[in-house]
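# A closer look at the structure
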Amino acid sequence: MSTPIQPIDHREETLDPQDWEQMRALLHQMIDDSIDYMQDLRGQAPWTPMGDNERAAFAKATPPRSGIGSQATYQDYLEQVQPYIMGNNHPKFWAWYMGNGSMMGAMADYLTAITNSNAGAGNHVGQHIEDQVISWMTDIIGYPDTASGMIVSGGSMANYVGLATARHHRCGYDIRQKGILAGGRQLCVYGSTEVHNCNQKAIELLGIGREHFRKIPVNEDYTMDLNALKAQIQADKAAGLHPICVIASAGTVNTGAIDDLHAIADICEDEGLWYHVDGAIGAIAMTSDIARPQLTGIERSDSVALDLHKWLHIPFEAGCVLVRNRQVHRDTFVVSAEYLQENKRGLASGKHWYSEYGLQLSRRLNALKIWMSIKEQGIDKYGRLISQNIRQAHYLGELIHQHQSLQLMAPVGLDIVCYRYNPGGLTLDQLNDINQYILAELHVRGIAIPSYTTLRGSYCLRVAIANHRSLMSDFTELAHATVSLGEEYMGNTPQQQQ
Ligand SMILES: Cc1ncc(COP(=O)(O)O)c(C=O)c1O
């Protein structure tokens, strides 16, 4: 007879706190501190640069062998991290293209981490939350109920999934099985010269090659030149290449221009191409009464990328891709594996595993913060906030237009204003220098955080107003600050004149 197995006498450990009441108190402290931070955003500088000493705290090192405990770890966060965050929650942050988060979004994010579900597979409520969020998004865009979609990390991944699906469906053979060379004809994709560079990354990764991502010139207003698009498609077909997809921009990153979406839908129909919309900026503006008329035609697309950490202000990360044809979407990504078979009963049962619709197997339940945010505020409020930003952009555009030392550099597209200080009589190089100075001073003096771009060779200040905390008066101040910094640079400040 064998001897019964005894548990090994070993002190077992866990990551759970030894003192739950102490942890409760620390979490209460974090909540109080975070409410103070959010409530007082306007009183803080939008951005504080780190000094050498502050950076030194992050010097390359080996990981700590023993922990310092929760209280001391939080103290390090308060001293080393919180003061130097990016600042995109601030009411005067208008750089690149970012949302500003919300209390409910952050609270839901905490709950997501606490419950820590894997949204890739399995029969649990996470899948129903995501299903519901996707159905809300299809409703906003005007897609049929049968469409599919998924929450992804952001616009880049949403575009990648849409373009992978386009390639899979339009290449005309089983590219997953046979590979990119088996079709015998070079695939081509089309987008304007203003298309976001994440699409280029996707095209490169999909094996199509940068050369065959045809960058179509734009019109005066930065929308795609559709005659040039048609001519390029015809030329490629005549040369024996295989056009598969057009990427329309619903809000370009430089100027917020919206391509003619109906016309691109028509071209795709006529030419048998997949019609993908990069709506990372503009698609969610379908909720705004002001923007919706400019976006018509988006509902005819085969796939669309939305970015909910931008104009919906869901805390990073939260993007969304929708695909009109669910089967095609799943066929692009599904891979069967014995350890991932859907069972009839138990946790491994259920339909519609999100891991079958994209690259990730394990996935954070990012749908929860979207679900809770939209429930809290209602989608109409988000639409009104988007309209508010559009009105603010036009107000700033008007201020610039009326000021003789300021120059609007592109039509105000959706919520993006590109302008420069231009008192007259300066060369292009001088103008570029002075505007770079103005931008840097706006940042380092903690006045505001617009960003920059170069349009047709001219450096511009670029103000992307996806900010639910900005006020009209912030833009009056921005215009004044631009002028006074410009005058300062020219050695022509009012003080020096006296
Ligand atoms: C038009 C457009 N597409 C795609 C992206 C990429 O989105 P993300 O940064 O969320 O990956 C951006 C980001 O600003 C964008 O403006």
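Here goes a summary of the coordinates provided. (Residues numbered from 1 in each chain as written. Predicted model: local features only at pLDDT ≥ 70, side-chain atom pairs only at ≥ 80, totals over all residues.)

### Topic: the overall build of the protein chain
Test applied: Note on conventions: DSSP H or I runs of at least 4 residues are helices, E runs of at least 2 residues are strands, and numbering of each starts at the N terminus. Both definitions apply: the radius of gyration is a C-alpha atom measure, and the globule rule equals 2.2 Å times residues to the power 0.38. Buried, partly exposed and exposed are defined by the number of other C-beta atoms within 10 Å of a residue's own C-beta, namely 20 or more, between the two limits, and 12 or fewer respectively, with C-beta atoms placed from the backbone. By the convention adopted here, residues make contact when the C-beta atoms placed from their backbones lie within 7 Å.
Along its length, the protein chain carries 16 helices and 12 strands. The globule rule puts the C-alpha radius of gyration for 498 residues at 23 Å, and the 26 Å found for the protein chain is close to it. With respect to the three principal axes, the spread of C-alpha positions in the protein chain is 105 × 65 × 45 Å. Put simply, the protein chain has 498 residues, and 43% of those count as buried. Long-range pairs, those at least 24 residues apart, make up 75% of the contacts in the protein chain with a sequence separation of at least 6.

### Description of the site of the ligand
The line we're drawing: Throughout this description, a residue near a molecule or strand is one whose C-beta atom, derived from the backbone, lies within 6 Å of it. Three categories are distinguished: nonpolar for Ala, Val, Leu, Ile, Met, Phe, Trp, Tyr, Cys and Pro, charged for Asp, Glu, Lys and Arg, and polar for the others, with Gly belonging to the last.
Taken together, 13 residues lie near the ligand, and Gly 154, Gly 155, Ser 156, His 196 and Ala 280 sit nearest. Residue composition of the shell around the ligand, grouped by class: 6 nonpolar, 5 polar and 2 charged.

### Some points on unusual backbone geometry
Following Phe 316, the chain continues into Glu 317 via a peptide bond in cis, with omega recorded as -5°. Even without a glycine there, the phi angle at Tyr 222 is positive, about 70°. With respect to the secondary-structure elements, Tyr 222 resides in the loop between strand S4 (213–216) and helix H9 (226–238). Look at Tyr 222 and you get buried, because 23 C-beta atoms sit within 10 Å. With phi around 60°, His 313 is a residue other than glycine that occupies positive phi space.

### Quick look at the environment of Val 253
Within the secondary structure, Val 253 is located in the loop between strand S5 (242–249) and helix H10 (261–271). Given 22 C-beta atoms within a 10 Å radius, Val 253 is considered buried. In this structure, the C-alpha to C-alpha distance between Val 253 and Arg 65, residues 188 residues apart in sequence, is 45 Å. Setting aside residues no more than four positions away along its own chain, Val 253 makes contact with Tyr 97, His 196 and Ile 281.

### What to know about the pairing of S4
Short version of the rule: We treat two strands as partners when DSSP finds at least two bridges between them. Assignment of crossover handedness uses the view with strands pointing away from the viewer, where a clockwise path from the first strand over the helix to the second indicates a right-handed crossover.
When strand S3 (residues 187–192) meets S4, the two strands line up parallel, connected through 4 bridges. Across the sheet, residue Ser 192 finds its bridge partner in S4, namely Ile 216. Chirality of the crossover, the property in question, places the unit of S3, helix H8 (residues 197–205) and S4 among those that are right-handed.

### As for the sheet that holds strand S11 (residues 449–455)
For clarity, the cut-off: Whenever a helix is involved, its axis is fitted only over the stretch in contact; in every case the axis is a line through C-alpha atoms, and angles between N-to-C directions fall within 0 to 180 degrees.
Within the open sheet, the 5 strands sit side by side as S1-S11-S12-S10-S9. Their pairing is mixed. In this open sheet, the two edge strands, each paired with only one partner strand, are strand S1 (93–94) and strand S9 (406–408). Strand direction decides the pairing type here: S1 and S11, joined by 2 bridges, are parallel. Paired with Trp 94 across the bridge in S11 is Pro 450. On top of the sheet, helix H14 (residues 428–444) reaches strand S10 (416–421), S11 and strand S12 (458–464); it is set at about 30° to S12, its chief contact.

### Digging into the packing of helix H1 (residues 20–39) against helix H3 (residues 70–81)
When two helices pack together, their arrangement is given by the angle between the helix axes and by the axis-to-axis distance. How we decide: The scheme is simple: roughly parallel for angles under 35 degrees, roughly antiparallel for over 145, roughly perpendicular for 65 to 115, oblique for anything else. Should the near helix be turned anticlockwise from the far one by less than a right angle, the crossing is termed left-handed; should it be turned clockwise, right-handed.
In contact at an axis separation of 10 Å, H1 and H3 are set at 15° when each is read in the N-to-C sense. What the angle tells us is that H1 and H3 run roughly parallel. As for how H1 packs across H3, the hand of that crossing is right-handed. Within the contact between the two elements, H1 uses Met 23, Leu 26 and Met 30 and H3 uses Ser 70, Gln 71 and Tyr 74. Residue composition of the contact of H1 with H3, grouped by class: 4 nonpolar, 2 polar and no charged.

### Let's talk about the sheet that holds S5
Spatially, S2-S8-S7-S6-S5-S3-S4 is the arrangement adopted by the 7 strands of the open sheet, whose pairing is mixed. In this open sheet, the two strands that pair with only one neighbour each are strand S2 (148–152) and S4. Taking each pair of neighbouring strands and ignoring which way they run, the sheet shows an average axis angle of 20°. Pairing of strand S6 (residues 274–279) with strand S7 (residues 303–307), which is carried by 4 bridges, proceeds in the parallel orientation. Along S7, the bridge assignment pairs Gly 279 with Leu 306. Taken strand by strand, helix H5 (residues 125–141) contacts S2, S7 and strand S8 (319–323), and its axis lies near 110° from that of S2. Packing against the sheet, helix H6 (residues 155–170) makes contact with S2, S3, S5, S6, S7 and S8, and its axis sits at approximately 170° to S7.

### Quick notes on the nonpolar core
Our working definition: By definition, a nonpolar core groups buried Ala, Val, Leu, Ile, Met, Phe, Trp, Tyr and Cys residues that connect through C-beta atoms lying within 7 Å of each other. By convention here, the domain bounds are inherited from an automatic or database domain assignment.
Of all hydrophobic cores here, the largest spans 128 residues; its most connected members are Val 246 and Leu 306. Of the residues that make up this core, three or more belong to each of domain 1 (109–379) and domain 2 (381–497).

### Focus: H8
Put simply, the rule reads: It is the directions from the helix axis to the C-beta atoms whose arc is reported.
Among the residues making up H8, those that are buried are Cys 198, Asn 199, Ala 202 and Ile 203. Seen from one end, H8 has its buried residues packed into an arc of 145°, which puts them on one side. Opposite its buried face, H8 presents the exposed residues Asn 197, Glu 204 and Leu 205, each directed more than 90 degrees away. Structurally, H8 contributes buried residues whose contacts are with H6, S3, S4, S5 and S6. Phi turns positive one or two residues past the end of H8, at Gly 207, with a value near 80°.

### Thoughts on the environment of Ala 106
Looking at the secondary structure, you find Ala 106 in helix H4 (residues 103–115). Sequence separation of Ala 106 and Lys 369 is 263 residues, and the distance between their C-alpha atoms is 7.5 Å. Among residues more than four places away in sequence, those in contact with Ala 106 are Gly 101 and Pro 315.

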